[in-house]
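Here are the chains, one letter per residue:
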Amino acid sequence: MIGQILFTIILLVGAGYFISNIQKAIRNIKLGKPSHRDDHKEQRLKNMILKAFGQQKMFKRPIPALLHLVVYLGFIIINIEVIEIVIDGIFGTHRILSFMGGFYNFLIGSFEFLATLVIVSVTIFWIRRNILKLLRFQSPEMKGWPKKDANLILYFEMVLMTAFLTMNAADYKLQVLHYGHYYFKQGIVGSFPISKFLYNILPDNPESLVLIERGAWWFHIIGILVFLNYLYFSKHLHILLAFPNTYYAKLPPLAKFENLESVKKEVALMMDPNADPYAMPVEEAEEPDRFGARDVFDLEWVYLLNAYTCTECGRCTDVCPANQTGKKLSPRKIMMDVRDRLEEVGKNIDANGEFVDDGKSLLDYISKEEIWACTTCNACVEECPVENDPLDVIIAVRQYLVMEESAAPSELNMTFTNIENNGAPWQYSQMDRLNWVDED
Amino acid sequence: MSEKIKVRTMAELAAEGKEPEILFWVGCAGSFDDRAKKITKAFAKLLNKANVDFAVLGTEESCTGDPAKRAGNEFLFQMQAATNIEVMNSYNVKKIVTTCPHCYNTFKNEYPDLGGKYEVYHHTELLQSLLQEGKLKVEGGAYKGIDITYHDPCYLGRGNGQYEAPREVLHQLEIDIKEMKHHKENSVCCGAGGAQMFKEAEPQKEEIFVFRTREALETNPKVIATACAFCNTMITDGVKFFNKEQDVKVLDIAEILEQGIKED
Ligand code: SF4
Ligand code: SF4
């Protein structure tokens, strides 16, 4: 009975804390400016199914894609077992779903195979990161917490899967020994294709076996709750956010940049000689939009969602021509910077009830050197498995630097002047535009 | 090749009360850059040969604003767009063809929302359909045995999903493209986009054009084909960097087609 109460409390606390963290993430994402991504619902839905559920983009690199799919499916499917664990835990039953008979055996048996595959895949992932030292996991932005985060998750999965198999093995042995309520009249319940190999390693003494079985059972469920609550602090949030993120992702053509609404208004005024600048409706005149992005508040919320969804896989950086030629720009770091700053702002709000100016901005995280190195080639956007758009963030910061601070590199200022004066980025006269026809 | 190119301006035609079927937008590089002007001429000759009813804006043409927009100067971009749209709408322009993927992208994707709605073609797209319709006929085998690779411009390929038109033109010339390791959606930028063309690069190990040209040269080509004047400049610099300018030519799809066309 005490066990049941304890279990229920742990379950409620775990779920409650998880929900409050998710609410916090949603609150933070909503700090962004409005995004207009409610169009093309069908196309977006399809995109979500293909890219998030089907992990289509992962398959550009088949080996990690396959391993990732195993871990993902394995993890989700094995968690069906959690339904049984929860019911057993609350009502003090044992293997309540075993009435399903043959199907139940089939399920437990496949869970065991999957668990083993997950352990194998996760081990390979660990080796790739820590022994083979794949280049994209060694960038400067991966030092410290991001690296620990990635490994921690791998350990988590290994331990959880091992606990699951150990639990089954002890249970199986107890069933064979006809011990207490572990004994089912109908014979062996569940099938244990993998864990039966642990039979001989386990002690023969039923009391110790019960201890092991119970221990692994508690460990498994508490582990899952801890994992759930760890998500918010980790790049692993993508297992949830990949779905909305791919839904709201930029639709092709990728080279299309939105035209800033705030600028449209100003240009309309400039172009129309009859417009009276003072005749603007009052509510619009109130607070002029800042051009571009200085801080997370200035970004559309989609990019804040992008930042939370980023898996820190570094595929974007891997294909970035600026990064590949040794420049400081790394699109992954751009996404991570947005998240770090957003977290900082979130903590600020938690502490003060509302955001209190801390004298910082996104520009304390992202340097101009990074911002100006981008060729806007869209390779990062094309590559990202969760359809993030680091390029749009870069452009938003450029817009701020140019239009609010006039802080473009001097050559670019010259280019702007040329375009303004001669209608070309170089210093040629517009009157010479047709010279090519008669030249040889 | 000193045959005279026939080019009329929109203003001349308007004075005669005429409107051409299509506007050829030459672009800044195409108007002023010595190398790019050759591409412009090759394309104009092809238009002449196919008897396409076209005109240019000439001195009324101005930068689309693409470099300004990519560099964050949205204000300047929208000013340029407004001016250009005013000019084009005053001539009642319906269709545009351009040899520049950046101009192409702004017209196709960014001008409509600002009041400039046109049917927009990249020159490789128009050339492909002229070949298909039989308005241009190729001399088979002109490129036999010549190894050619093709570099996808970002704003045509990945940015607008147009991978096939330039390749199709090359196929018509019976050219078997030797693809680079990274091509189509995985293509690597030449380094010019995003206004990089107009500024020094940030501290780096090497130039992007060197990086990209290395991969192009790995296919052992005689010709590196591309479909953008900026890519052309960058890769030409890359070829010089590797001291290969004697062996490897960098040519636009229009130039390649122009040399392989059947004279009647
Ligand atoms: S768009 Fe910019 S950040 Fe993204 S891959 Fe290209 S150069 Fe790198
Ligand atoms: S932005 Fe996308 S590709 Fe880049 S690290 Fe994040 S998830 Fe990976």
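Residues numbered from 1 in each chain as written. Chains lettered and ligands numbered in written order. Predicted model: local features only at pLDDT ≥ 70, side-chain atom pairs only at ≥ 80, totals over all residues. Heavy atoms only, no water.

**Q** What is the right way to look at the site of ligand 2 in this model?
**A** Residues and elements named next belong to chain A. Around ligand 2 there are 13 residues in total, and C310, C313, G314, C316 and C384 lie nearest to it. Going through the elements one at a time, α12 (315-319) and α14 (331-352) are the ones with two or more residues in the shell around ligand 2. Residues belonging to the shell around ligand 2 are distributed by class as follows: 7 nonpolar, 3 polar and 3 charged. (Near = heavy atom within 4 Å. Helix = DSSP H or I, 4+ residues; strand = E, 2+ residues; numbered from the N terminus. Nonpolar A, V, L, I, M, F, W, Y, C, P; charged D, E, K, R; others polar.)

**Q** How should I be thinking about the interface of chain A and chain B in this particular structure?
**A** Buried accessible area, meaning the area lost when the parts come together, often serves as the stated size of an interface. Contact residues are listed per partner, giving 60 residues for chain A and 72 residues for chain B. Across the chain A to chain B interface the summed buried area is about 5700 Å²; carbon plus sulfur atoms make up 64%. Across the chain A-chain B interface, the total number found is 4 salt bridges. Residue K37 of chain B pairs with E439 of chain A through a salt bridge whose shortest N-O separation is 2.8 Å. Across the chain A-chain B interface, the total number found is 35 residue pairs in polar contact (both at pLDDT 80 or more). Each residue belonging to the side of chain A that touches chain B can be placed in one class, and the counts come to 31 nonpolar, 12 polar and 17 charged. (Contact = heavy atoms within 4.5 Å. Buried area = accessible area lost by both parts, 1.4 Å probe. Salt bridge = Lys/Arg side-chain N within 4 Å of Asp/Glu carboxyl O. Polar contact = N/O pair within 3.5 Å; in protein donor to acceptor, adjacent residues only side chain to side chain.)

**Q** Please explain the packing of aromatic side chains as it appears in this structure.
**A** To describe a pair of aromatic rings, you give the distance between the ring centres and the angle between the ring planes. Under the counting rule described, the total for this entry stands at 29 aromatic pairs over all chains. Ring geometry for Y248 of chain A against W301 of chain A: centres 5.0 Å apart, planes inclined by 85°, an arrangement best described as edge-to-face. Of this pair, Y248 of chain A sits in the loop between α8 (238-247) and α9 (261-271) while W301 of chain A sits in helix α11 (residues 301-309), and the two are 53 residues apart along the sequence. Given a relative accessible area of 21%, W301 of chain A falls into the partly exposed group. Arranged with centres 6.3 Å apart and planes meeting at 80°, the rings of F198 of chain B and F230 of chain B form a pair that is edge-to-face. A residue pair is termed long-range when its members are at least 10 positions apart, and F198 of chain B in the loop between α8 (164-172) and α9 (208-217) and F230 of chain B in helix α10 (residues 229-241) qualify at 32 residues. (Phe/Tyr/Trp six-rings, centres within 6.5 Å; stacked < 30°, edge-to-face > 60°. Buried < 20%, exposed > 50% of the residue type's maximum accessible area, 1.4 Å probe, protein only.)

**Q** Whenever I open this one, the sheet that holds strand β1 (residues 22-25) of chain B confuses me. Can you help?
**A** Strands in a sheet are paired, the pairing made by backbone hydrogen bonds, and the direction either parallel or antiparallel. Residue and element names in this part refer to chain B. Sheet architecture is open: 4 strands sit in the order β2-β1-β3-β4, paired in parallel fashion. Pairing within the sheet leaves two strands with one partner each, and these edge strands are β2 (54-55) and β4 (119-122). As defined by bridge partners, β1 adjoins β2 across 2 bridges and the pair is classed as parallel. Bridge pairing in β2 places I22 opposite F54. (Pairing = 2+ DSSP bridges.)

**Q** Please explain the nonpolar core as it appears in this structure.
**A** Within soluble globular proteins, side chains that are nonpolar tend to cluster in buried spots. M88 and L257 of chain B are the most contacted members of the largest nonpolar core, which has 176 residues in total. Here this core takes 10 residues from helix α17 (residues 390-404) of chain A, the largest share from any one element. Not counting chain neighbours up to four residues away, the residues in contact with L257 of chain B comprise L46, L127, L131, L136, V138, V169 and L173 of chain B. Counting residues in hydrophobic clusters, the runner-up holds 8 residues, among them M180, A216, L217 and V248 of chain B. (Core = buried A, V, L, I, M, F, W, Y, C linked by side-chain atoms within 4.5 Å.)

**Q** In this structure, what is going on with the site of ligand 1? I would like to understand it.
**A** Taken together, C320, P321, L329, P331, C374, T375, T376, C377, N378, A379, C380 and I394 of chain A form the complete shell of residues around ligand 1. Class assignment of the residues belonging to the shell around ligand 1 gives a composition of 9 nonpolar, 3 polar and no charged.

**Q** I would appreciate a short explanation of the domain arrangement of chain A in the present structure.
**A** Residue and element names in this part refer to chain A. Here the domain parsing of chain A yields domain 1 (2-24 + 61-238) and domain 2 (261-272 + 289-422). A C-alpha centroid distance of 40 Å is found between domain 1 and domain 2. Buried surface at the junction of domain 1 and domain 2, summed over both partners, amounts to about 1400 Å²; 44% is from carbon and sulfur atoms. For the domain 1 face of the interface with domain 2, the top three residues by lost area are R61, R136 and E141, together amounting to 41%. Linking domain 1 with domain 2 are 4 salt bridges, by the criterion used here. (Domains from an automatic or database assignment.)

**Q** When you look at the domain arrangement of chain B in this model, what are you seeing that I'm missing?
**A** Residues and elements named next belong to chain B. Looking at the assigned domains, one finds that chain B contains domain 1 (10-129) and domain 2 (138-258). Using C-alpha coordinates to define each centre, domain 1 is positioned 23 Å away from domain 2. Contact residues are listed per partner, giving 29 residues for domain 1 and 27 residues for domain 2. Area buried by domain 1 at its contact with domain 2 is led by R35, H102 and T124, which between them contribute 23% of it. Our count for the domain 1 to domain 2 interface comes out at 2 salt bridges. At the junction of domain 1 with domain 2, the criterion picks out 7 residue pairs in polar contact (both at pLDDT 80 or more). Among the secondary structure elements, those contributing two or more residues to the side of domain 1 that touches domain 2 are α3 (34-49), α4 (66-70), α6 (101-110) and α7 (123-132). When residues of the side of domain 1 that touches domain 2 are assigned to their parent elements, the largest contribution, 9 residues, is made by α3.

**Q** Even after reading the chapter, I still don't get the pairing of strand β3 (residues 95-98) of chain B, so can you show me in this structure?
**A** Remember that side chains alternate between the two faces of the sheet whenever the strand is regular. All names here are of chain B. Relative to β3, β1 runs parallel, the two sharing 3 bridges. In the strand pairing of β3, W25 is matched with T98. Direction of pairing for β3 relative to β4: parallel, over a ladder of 4 bridges. Considered in β4, the bridge of T98 is made with H122.

**Q** Teacher, can you tell me more about the packing of helix α3 (residues 62-78) of chain A against helix α6 (residues 145-176) of chain A here?
**A** For any two helices packed against each other, the geometry comes down to the angle between their axes and how far apart the axes lie. Residue and element names in this part refer to chain A. For the pair α3 and α6, interaxial distance at closest approach is 12 Å and the crossing angle is 45°. Between α3 and α6, the interaxial angle falls into the category oblique. Helix-helix and strand crossings are classified by hand; for α3 and α6 the assignment is left-handed. For the pair α3 and α6, contact is made by V71, F75 and I78 and by E157, L160, M161 and F164, respectively. Here the contact of α3 with α6 is built from residues that sort into 6 nonpolar, no polar and 1 charged. (Axes fitted to C-alpha atoms, helices over the stretch in contact; angles between N-to-C directions. Parallel < 35°, antiparallel > 145°, perpendicular 65-115°, else oblique. Left-handed = near helix turned anticlockwise from the far one by under 90°.)

**Q** I keep staring at the pattern of salt bridges and nothing clicks. Help me out?
**A** Side chains that differ in charge, positive against negative, can pair when their charged atoms come close. Counted by the stated rule, this structure contains 43 salt bridges over all chains. The residue E370 of chain A makes a salt bridge to K328 of chain A at a minimum N-O spacing of 3.9 Å. Taken together, the residues span a long stretch of sequence, with E370 of chain A in helix α15 (residues 368-371) and K328 of chain A in the loop between α13 (321-324) and α14 at a distance of 42 residues. Residue class for E370 of chain A comes out buried when judged on its relative accessible area of 1%. Among the ionic pairs, D66 of chain B bridges to R70 of chain B, the shortest N-O distance being 2.8 Å. On the criterion of helical spacing, the pair formed by D66 of chain B and R70 of chain B is a turn pair, its members being 4 residues apart in helix α4. Here the two residues D66 of chain B and R70 of chain B agree in accessibility, since each one is buried. Three or more residues are tied together by salt bridges with common partners; here these are D295, R341, E344, D358 and K360 of chain A.

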